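Structural overview for review
Take a look at the letters that make up each chain.
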Amino acid sequence: MNVLNYVHAFFSDSSHWHGYDGIPTRLWEHVQYSLEALAYAAGIGLPVGLITGHYGRGGNTLALIATAGRALPSFGLLVLMFIWLGFGMLPVMIPLVILAVPPILVTTYEAMRSVDPSPVDAARGMGMPESRVLFQVELPVALPLILSGLRSAAIQIVSTATIAAYVSLGGLGRYIIDGLYQKNYEKVVGGATLVAAMALATLGIFWAVQRLTVSPGVRRG
Amino acid sequence: MIRIDSVTKRYPDGTVAVDRLSLEIPDRSITVFVGPSGCGKTTTLRMINRMVEPSEGRILLDGADIHAQPVNTLRRSMGYVIQNAGLFQHRTIIDNIATVPRLLGWNKQKARSRAAELMERVGLDSALAKRYPYQLSGGQQQRVGVARALAADPPVLLMDEPFSAVDPVVRKGLQDELLRIQDELGKTIVFVTHDIDEAIKLGTMVAVMRTGGHLAQYAPPAELLTDPADAFVEDFLGADRGIRRLSFFPSAALELQTAPIVAIDTDAARLGARAAADAPYLLVTDLDGRPLGWGEPRNLTAGSIRPEQLIPYGRPFVPGRDSLRAALDGSVLSPTGWAVAVDGEGRAVGVVSQQVIGAAIRTAHAEGRDDAKVGG
């Protein structure tokens, strides 16, 4: 049996399409974990990146934090948090957020730094308040790069959120971990395929968001 | 009136950008700050809208310290144009121009209709309104920059090397456009440039600054050319300031001769009479009176004058509109040494020799400065 047969067998088995262990349930759980982690990471990374980038200070500190964050193994962190904090969402969220903050933070900072200084100077010289300079002059131009940081963070979260299953939670990781334990490779391959599909869907969503939010003057066709 | 009152800008590292500068910028005129890089001209400009705060001294706007009002209120009352225009690339042209009216709380429709008016005033096609900055040429972008600065009709316009980044032909167009707009609007314009020719062309008053933030001379351009304060100013003005100064002398007083002008269909009798006069050359015109070229009387035969046998007549000048510089230029360019004067439609109204122009220049010098500025 090759991989495609596994995939076919997994998706054509009707018992995989309903119930608490059905594909819709697991998919929805996975989406929830991912969105939650991305929301926390963006909630930390975006404001810090925007402010430090706007004022042009703290670049070195950010680089240090980002390197440290990237060096931490998500799986090791999960086990550690599980031992410390016990069962629950928190031990899963912490490694996911730590994984996602660096790309958001660093690209947001870099995006803000790379904005052409002359429109910013013109805006200040015309009497634009500082908050408007940030949100109406710098942010719209920095947006494509900021979105690319969010996108890579989102993709990393989607693929790493499978570890939630290791500490008895749901999500698509359930299929992979249970499948490995039961030596049911059809399930493993099916779960992995779903994760990959969801990562692709994430790319598609970010492409659409970019089309909708980035000005044609910045996108340049 | 803007009064700069012994203003000094010293940076924390000890560099002095502007050193005890004092001068008055008259209303409704163009005051140009010019000097080499590092002379503090841009710093001075940026202190007027408080983009840079002076270390010492103060700046008064109509008698009141510029610190008397909130900084953003002050800045919204002064148009600001910078090099490379500094347009917002995510906004359309019309929304770029509408920026300050929107900041002042105008509604979108009113701000946009004002912006459309401004586009027309600075010579931008209304078809560009919905374009984005990257779709415009450098010269067009700079026009948008000027329109944006004028949008809320501020009494003061600050321009920081606005035309430095465009090519010379476009720059000349933008300068002429600025002078035309200034004729219509009468703003108090403070203009920074490193180009002395631009300063002389645009300035009602020119402040020449030298490295270290010192004012070397503050004078109308004609006075600057006539009477440079010191060797630095003289050197900065360049080698041909005598010729350039002629731009400030009108050509209207030149005594024109009409005797040497003949039409191409002239008859033998007239040709003979003209040739008998002491003019060594005759200016042949077409039937409408437009100059064709010079001919020596003995080489011209009535009824068979061919334009291609004539000597080129150089560049004609328009008495009253052009300066003595244009007249002199015309006579130097013409191989015969005679300049051709034409009317607004290009019809020859007279000719004048280098000797007569030279005499006019000496008379003009003798009469002293003539501040009446004419193009040329």
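Residues numbered from 1 in each chain as written. Chains lettered and ligands numbered in written order. Predicted model: local features only at pLDDT ≥ 70, side-chain atom pairs only at ≥ 80, totals over all residues.

1. Points about the overall build of chain A
Rules: What counts as a helix is a DSSP run of H or I of at least four residues, what counts as a strand is a run of E of at least two, and both are numbered from the N terminus. Exposure classification rests on a simple neighbour count of other C-beta atoms within 10 Å of a residue's own: a residue reaching 20 or more is buried, one at 12 or fewer is exposed, and one in between is partly exposed. C-beta atoms are placed from the backbone.
When helices and strands are counted, chain A shows 10 helices and 0 strands. From first element to last, N terminus to C terminus, chain A shows the α and β order α-α-α-α-α-α-α-α-α-α. Oriented by its inertia axes, the alpha-carbon framework of chain A measures out at about 65 × 45 × 25 Å. Counting across all 221 residues of chain A, residues that qualify as buried make up 37%.

2. Some details on the UniProt feature "transmembrane region" (unreviewed entry) in chain A
Residues and elements named next belong to chain A. Put simply, the rule is: UniProt positions are given in the numbering used here, feature names are shortened, and annotations may be inferred rather than shown by experiment.
Mapped onto this structure's residue numbering, the UniProt feature "transmembrane region" (unreviewed entry) falls at residues 37–55, 157–177 and 189–209. Secondary structure content for residues 37–55 is 100% helix and 0% strand, and the end C-alpha separation is 27 Å. Within residues 157–177, the helical portion is 43% and the strand portion 0%, while the C-alpha atoms at the span's ends are 17 Å from each other.

3. So, the environment of A:Pro140
Under the convention used in this document: We call two residues in contact when their backbone-placed C-beta atoms lie within 7 Å.
Mapping A:Pro140 onto the fold places it in helix α7 (residues 130–160). Its 19 C-beta neighbours within 10 Å are what place A:Pro140 among the partly exposed residues. Along the backbone, A:Pro140 and A:Pro47 are 93 residues apart, and their C-alpha atoms lie at a distance of 15 Å. Contact partners of A:Pro140, with chain neighbours within four places excluded, come to A:Ser215, A:Val218 and B:His90.

4. Quick look at the packing of helix α13 (residues 324–333) of chain B against helix α14 (residues 354–366) of chain B
Residue and element names in this part refer to chain B. The following threshold applies: Only the stretch in contact is used when fitting a helix axis, every axis being a line fitted to C-alpha atoms; angles between N-to-C directions are given from 0 to 180 degrees. What sets the label is the angle itself: under 35 degrees gives roughly parallel, over 145 gives roughly antiparallel, 65 to 115 gives roughly perpendicular, and the rest give oblique. In this scheme the crossing of two helices becomes right-handed for a clockwise turn of the near helix relative to the far one and left-handed for an anticlockwise turn of less than a right angle.
Contact geometry for α13 and α14: axes closest at 10 Å, N-to-C directions at 155°. The pairing of α13 with α14 is recorded here as roughly antiparallel in orientation. The hand of the α13/α14 crossing is left-handed. Counting all contacts with α13, which are made through Leu 324, Ala 327, Leu 328 and Ser 331, the residues of α14 involved are Gln 354, Ile 357, Ala 360, Ile 361 and Ala 364.

5. Comments concerning the sheet that holds strand β5 (residues 64–65) of chain B
All names here are of chain B. Cut-off, in case you're wondering: Note on pairing: DSSP must find at least two bridges between two strands before they are called paired.
Pairing is antiparallel in the open sheet, where 4 strands are placed in the order β2-β1-β4-β5. Two strands lie at the open edges of the sheet, namely β2 (16–25) and β5, each paired on one side alone. By the bridge criterion, 5 bridges tie strand β1 (residues 2–10) to strand β4 (residues 56–61) in an arrangement that is antiparallel. By the bridge assignment for β4, Thr 8 is matched with Glu 56.

6. What about the interface of chain B and chain A?
Keep this limit in mind: Classification used: nonpolar for Ala, Val, Leu, Ile, Met, Phe, Trp, Tyr, Cys and Pro, charged for Asp, Glu, Lys and Arg, polar for all others including Gly.
With 20 residues of chain B at the interface, the matching set in chain A holds 18 residues. Elements with a contribution of two residues or more to the side of chain B that touches chain A: α2 (71–76), β6 (78–82) and α4 (99–103) of chain B. Here the residues of the side of chain B that touches chain A sort into 10 nonpolar, 7 polar and 3 charged.

7. Structural notes on the pairing of β6(B)
Residue and element names in this part refer to chain B. Of all 5 residues making up β6, 5 are buried, and the element is well covered by its neighbours. Side chains Met 78, Tyr 80 and Ile 82 of β6 all project onto a buried face; the interleaved residues Gly 79 and Val 81 project onto the opposite face, where all are buried too. As defined by bridge partners, β6 adjoins strand β7 (residues 156–160) across 5 bridges and the pair is classed as parallel. Residue pairing for β7: Ile 82 is matched across the bridge by Asp 160.

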